[in-house]
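Here are the chains, one letter per residue:
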Amino acid sequence: MPDTPPSVPDFTQWPSFPFEGDLRVKQLDEPVPFEPPRRGEADRECTACNAPDEAYIWVGERWRVRAMDRPTGLPMVLILESRSHLDLGDLPNLLAAELGVMTVRLERAVRSLDGVARVHVNRWGDGSAHLHLWFLARPYGRLQLRGTFLSLWDSILPPISEAQWRENLAMVAAWLAEFGGRPLAEPPRIQWQAPSSFSPASSADAAEEPEEEAASVIEAADEIPESEAAEAVSDPSVGPPASNPASRPAPDAVSDLVSDPAADTRDASDEQERAGSAPDEDGTTAENARPGEGAARTAQS
């Protein structure tokens, strides 16, 4: 007789469950005799050991904290890692005690952010042999996100803004630095770039730009983003390359911006003549007033 498919569990009816409609349970695969090595085991390279300090938002002597490579749906998603290549059960007493202190300290830092109600702390460890704990911030007032499905909602919700994300990272890094270590995350900088064109971008041009998908907790298959995915992410603070023709004004526009010195002299002379024949103070307007005349009148009055 064929196996009877298991019934859908009751938690699919919970308000926090992110899906609805007709659901069915996947068929469970047969167990394998030997599990494949995780990252950092056997001959597999350890991503955390090879990552430089610049890839983290805060670094200390024995611990480091890093974020996802770009904003996700939750206000903050962080990972606490040990510097030493150890798993949770391999920690000596000193690091085991510090892990408790660092967990509480990082939870408080994330919970201090605006709009954060709770911080979920998770440890799976199936993807990497290097100890890493996840810290997921639940938005305040979002009661539907309470419970065990918060990591799923992180992949479903639209990502927060880049500026807010970077500001949150800088605040957490500064909080941790109050107890030691070095903060590496910086707040967003104001972009003082002048537009290359005064004409507004058309909706067709905006539609041509592909929207980049956010890499969330669930989308990181091995809990640590692949290096290929990290290389594909561009820095939004970097502008277009100098060789990009769109970033340079057209030759006609350049010629219009460069004025003729002789023409400027003639225009100045004509303006002075018109200003000299202008009406007196009562009839003077903003267009025919001589430079500095308005300020002089104000001082006299």
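Above this text sits the structure in question.
These numbers were taken from a predicted model, which means no experiment stands behind them. (Residues numbered from 1 in each chain as written. Predicted model: local features only at pLDDT ≥ 70, side-chain atom pairs only at ≥ 80, totals over all residues. Heavy atoms only, no water.)

### A few points about the environment of T148
Stage number 1. By the secondary structure assignment, T148 is in the loop between β5 (132-139) and α3 (150-156).
Stage number 2. Residue class for T148 comes out exposed when judged on its relative accessible area of 64%.
Stage number 3. Placed 132 residues apart in sequence, T148 and S16 show a C-alpha to C-alpha distance of 8.2 Å. (Helix = DSSP H or I, 4+ residues; strand = E, 2+ residues; numbered from the N terminus. Buried < 20%, exposed > 50% of the residue type's maximum accessible area, 1.4 Å probe, protein only.)

### Topic: unusual backbone geometry
Stage number 1. A positive phi angle, close to 55°, is found at A42, a residue other than glycine.
Stage number 2. The topology assignment puts A42 in the segment before α1 (47-50).

### Looking at the nonpolar core
Stage number 1. Core analysis: the largest hydrophobic core is formed by 28 residues, its most contacted members being I57, L78, L106 and V172.
Stage number 2. Taken together, the elements giving at least two residues each to this core come down to β2 (63-67), β3 (77-82), α2 (93-111), β4 (116-122), β5 and α4 (162-177).
Stage number 3. The element contributing the most residues to this core is α2, with six residues.
Stage number 4. Formed by 11 residues, the second largest nonpolar core is a distinct cluster that contains V77, L136, L145 and F149. (Core = buried A, V, L, I, M, F, W, Y, C linked by side-chain atoms within 4.5 Å.)

### Describing the packing of α2 against α4
Stage number 1. Where α2 meets α4, the axes come as close as 9 Å, and the angle between the chain directions of the two elements is 140°. It follows that α2 is oblique to α4 by the angle criterion. Viewed along their axes, α2 and α4 form a crossing whose handedness is right-handed. Contact residues: α2 offers R105, L106, R108, A109 and V110, while α4 offers V172, W175 and L176.
Stage number 2. Classifying every residue of the contact of α2 with α4 by side-chain character gives six nonpolar, no polar and two charged. (Axes fitted to C-alpha atoms, helices over the stretch in contact; angles between N-to-C directions. Parallel < 35°, antiparallel > 145°, perpendicular 65-115°, else oblique. Left-handed = near helix turned anticlockwise from the far one by under 90°. Contact = heavy atoms within 4.5 Å. Nonpolar A, V, L, I, M, F, W, Y, C, P; charged D, E, K, R; others polar.)

### With respect to the sheet that holds β5
Stage number 1. Taken in spatial order, the six strands of this open sheet run β4-β5-β3-β2-β1-β6, and their pairing is antiparallel. Edge positions in the sheet fall to β4 and β6 (182-183), since each has one partner strand and no second.
Stage number 2. Inspection of the sheet shows β4 paired to β5 by six bridges, in the antiparallel sense. Across the sheet, the residue bridging to N122 is W134, located in β5.
Stage number 3. Along the sheet face, α2 touches β1 (58-59), β2, β3, β4 and β5 and points at about 155° away from the line of β4. (Pairing = 2+ DSSP bridges.)

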